[in-house]
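Observations on the three-dimensional arrangement
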Amino acid sequence: MTDTATPVVRASGLTKTYGSFTAIDGIDLSFEENRIYGLLGRNGAGKTTIMQLLTGQIFPDGGRLEVFGREPAEHVDVLSRICFIAESQKYPDSFKPKHVLESAPLFFPHWSQGLADELIDEFRLPLNRPIKKLSRGQLSAVGVIVGLASRAPLTFFDEPYLGLDAVARTTFYDRLLTDYAEHPRTIVLSTHLIDEVSNLLEHIVLVDQGRILIDRDADEVRGSATTVAGTRDAVESFVAGREVIGRDGIGGLASVTFMGALDALQRREAHELGLELAPVSLQQLIVHLTGADLSAEKEVVS
Ligand SMILES: Nc1ncnc2c1ncn2[C@@H]1O[C@H](COP(=O)(O)OP(=O)(O)OP(=O)(O)O)[C@@H](O)[C@H]1O
């Protein structure tokens, strides 16, 4: 990887309309090689549409798009480097998981059978059961296994966790991180479980109503807000006059998140008041930036 490498995805002014409705409104986007991107946003924001455009499944109505330097829909060699795990992947009626997993290596040149076999065990996937009889979580596991074992240079997961229990989701996140460390590639993860995947994400693209609100390094996004925790009175006096985006607490204890970072002096002041500076919840930040007000919702006051 070099700094001058061509981005894996480069889009400018990308637009997609459905009749008079503009689903994607002239966005600019660039995905670098070997990074994990979080594509975040509320229902209907345009996340799936962006992924469908980037994977050549639908055509843009305007703008320019290059994936691995080429227009994706028209180049088989580009498509062979992409894996897209859709939210509700459809399979032929007669298919069993073993059929999916037998055919996947034909599509993905970097396929790892060893990783697929380990994941089949970890997700306890019944290989011989008809796909239409699988539970929702087992169906999601099929997609997660294909997405990870494909080791495709550009892998999209569109809300891949539907029905997966907490253990299975943790397996997915852990395996994604360890395999990514050994086999770096570009991964784009669309999810609503923002806090759960927060530590995986290196870069955040926040979409709202077909436009991009944030396109920034995840640490920078986290650094754009601060959480202080301690006794309620001390916390409230410390945050007075600040732009509060989230409150949490119980009894005399409170934790409040506000926009902005603290300088060294303000950090010392917080320390002297007995306040702790805690990591910011990315979810709180995103909810705030996309318009909903959670400030009262999460507060637990006894
Ligand atoms: N084929 C279509 N015809 C008309 N409108 C569409 C079509 N596909 C998507 N849309 C609209 O485009 C917008 C973006 O949809 P999209 O599926 O990309 O959202 P999303 O961010 O993935 O949402 P969610 O988180 O709910 O899956 C929505 O308002 C949706 O109703």
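- Taking an unreviewed UniProt entry as the reference, the protein chain is identified by name as ABC transporter ATP-binding protein belonging to Labedella endophytica.

Looking at the nonpolar core
- In this structure, Leu-29, Tyr-37, Leu-39, Ile-145, Val-188, Leu-189 and Val-205 are the most contacted members of the largest nonpolar core, which totals 72 residues.
- The biggest single contributor to this core is helix H5 (residues 136–150), with eight residues.
- Residue-level mapping places this core at the junction of two domains, with at least three residues from each of domain 1 (9–221) and domain 2 (224–289).
- Leaving out residues up to four positions away in the same chain, Ile-145 has contacts with Leu-101, Ala-116, Leu-119, Ile-120, Phe-123 and Leu-125.

Description of the sheet that holds strand S11 (residues 244–250)
- Here four strands make up an open sheet; going across it, the order is S11-S12-S10-S13 and the pairing antiparallel. Pairing within the sheet leaves two strands with one partner each, and these edge strands are S11 and strand S13 (276–278). Strand-to-strand twist of the sheet, defined as the mean angle between neighbouring strand axes without regard to direction, takes the value 25°.
- Note that strand S10 (residues 225–231) and S13 share three bridges and pair antiparallel. Considered in S13, the bridge of Thr-227 is made with Ala-278.
- Where helix H11 (residues 282–289) meets the sheet, its contacts fall on S10, S11 and strand S12 (253–259), and the angle it forms with S11 comes to roughly 135°.

Definitions and limits used
- Residues numbered from 1 in each chain as written.
- Predicted model: local features only at pLDDT ≥ 70, side-chain atom pairs only at ≥ 80, totals over all residues.
- Core = buried A, V, L, I, M, F, W, Y, C linked by C-beta atoms within 7 Å.
- Buried ≥ 20, exposed ≤ 12 C-beta atoms within 10 Å, placed from the backbone.
- Helix = DSSP H or I, 4+ residues; strand = E, 2+ residues; numbered from the N terminus.
- Domains from an automatic or database assignment.
- Contact = placed C-beta atoms within 7 Å.
- Pairing = 2+ DSSP bridges.
- Axes fitted to C-alpha atoms, helices over the stretch in contact; angles between N-to-C directions.

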